[in-house]
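These are the residues of each chain, in order.
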Amino acid sequence: MKKTLFISRDAIAQRVAELAREIARDYGQDKPILIGVLNGSVFFFADLVRALDLPCEIDFVRAASYGMSMDSSGCIRLTKEPEIPLEGRRVLLVEDIVDTGQTISLLIETLRHQNPQELKICVLIDKLERRTQEVPIDYYGFRVEEGFLVGYGLDYAEQYRQLPEIFTLEP
Ligand code: PRP
């Protein structure tokens with residue numbers, strides 16, 4: 001597999017800091033619940049939350065969709081639900097990437113049943129080429145047309161997640 005640097009460590013850090021400022025400004029003292037979508041969002045989530053000058057709570061969900069290939073299996077399972085009650089709260093879902101949009105759409109549909117006051121989406125990479133579901137993204141780090149990306153939480157068959165930069169991967 002050929003790995004090519006796509007987004008540097010510095011560019012990620014700068015964008016995460018910008019997003020954190022934007023989010024802190026929008027939420028003020030409303031104490032949102034930030035929900036990280038495991039596993040891919042762990043590094044983005046940790047960096048974003050620590051950059052936020054904002055009272056907030058954190059929780060996690062796990063949505064497993066892709067197996068060991070580069071294509072979506074089209075099958076999504078919620079294997080971990082949030083534990084903080086979402087009713088009446090402002091909730092921000094934090095994802096590493098929105099690709100087809102299936103995972104985030106399923107998450108929104110599922111979490112809406114808990115009657116949050118508001119449910120917004122923050123994603124590091126908004127990738128457009130394979131979108132099949134229209135997704136209302138409120139905050140995004142980078143908008144990308146195409147390519148298979150790894151690093152900074154993004155994996156290929158569970159590999160490359162630990163890389164501090166984002167790379168494109170080609171056969
Ligand atoms: C990845 C990614 C998103 C989802 C995006 O998760 O973290 O959750 O795919 O793809 P979609 O928009 O086409 O649904 P994955 O299921 O691979 O699990 P992971 O977070 O553990 O890598």
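Our subject is the structure listed above.
Residues numbered from 1 in each chain as written. Predicted model: local features only at pLDDT ≥ 70, side-chain atom pairs only at ≥ 80, totals over all residues. Heavy atoms only, no water.

Draft legend 1. Quick look at the sheet that holds strand 3 (residues 57-64). Ordered by their spatial adjacency, six strands build an open sheet running 4-3-2-5-6-7, and the pairing between neighbours is mixed. The open sheet has two edge strands, strand 4 (77-80) and strand 7 (139-144), and neither has a second partner. Neighbour to neighbour, the strand axes of the sheet diverge by 30° on average, direction disregarded. Relative to strand 7, strand 6 (residues 118-127) runs parallel, the two sharing five bridges. Counted as the bridge partner of Lys-127 is Val-144 from strand 7. Helix 1 (residues 9-27) contacts strand 5 (90-98), strand 6 and strand 7 of the sheet and is inclined by roughly 145° relative to strand 7. In the packing of helix 3 (residues 102-112) onto the sheet, the strands contacted are strand 2 (33-38), strand 3, strand 4, strand 5 and strand 6, and the crossing angle to strand 5 comes to about 165°. (Pairing = 2+ DSSP bridges. Helix = DSSP H or I, 4+ residues; strand = E, 2+ residues; numbered from the N terminus. Axes fitted to C-alpha atoms, helices over the stretch in contact; angles between N-to-C directions. Contact = heavy atoms within 4.5 Å.)

Draft legend 2. Focus on the nonpolar core. One finds Ile-23, Phe-44, Leu-48, Cys-122, Ile-125 and Ile-166 to be the most contacted residues of the largest nonpolar core, which totals 28 residues. Elements supplying a minimum of two residues to this core: helix 1, helix 2 (42-51), strand 5, strand 6 and strand 7. Considering each element in turn, this core owes the most residues, seven residues, to helix 1. For Leu-48, the contacting residues outside a window of four places in its chain are Val-16, Leu-19, Ala-20, Ile-23, Val-94 and Cys-122. The next biggest cluster of nonpolar side chains, apart from the first, holds 19 residues, and it includes Ile-35, Val-37, Leu-86 and Ile-137. (Core = buried A, V, L, I, M, F, W, Y, C linked by side-chain atoms within 4.5 Å. Buried < 20%, exposed > 50% of the residue type's maximum accessible area, 1.4 Å probe, protein only.)

Draft legend 3. Examining the side chain of Asp-96 more closely. If you trace the backbone, Asp-96 turns up in strand 5. Buried within the structure, Asp-96 lacks any salt-bridge partner; Arg-161 is the closest side chain of opposite charge, at an N-O distance of 5.3 Å. Not counting the four nearest positions on each side in its chain, Asp-96 is found in contact with Gly-40, Ser-41, Val-123, Leu-124, Ile-125, Gly-153 and Leu-154. (Lys, Arg positive; Asp, Glu negative; His and termini not counted. Salt bridge = Lys/Arg side-chain N within 4 Å of Asp/Glu carboxyl O.)

Draft legend 4. A look at the sheet that holds strand 1 (residues 2-7). Spatially, the three strands line up as an open sheet ordered 1-9-8, and their pairing is antiparallel. Each of the sheet's edge strands pairs with one partner strand only, and the pair in question is strand 1 and strand 8 (149-150). Note: strand 8 against strand 9 (residues 166-170), two bridges, orientation antiparallel. Residue pairing across strands places Leu-149 opposite Thr-168, the latter belonging to strand 9.

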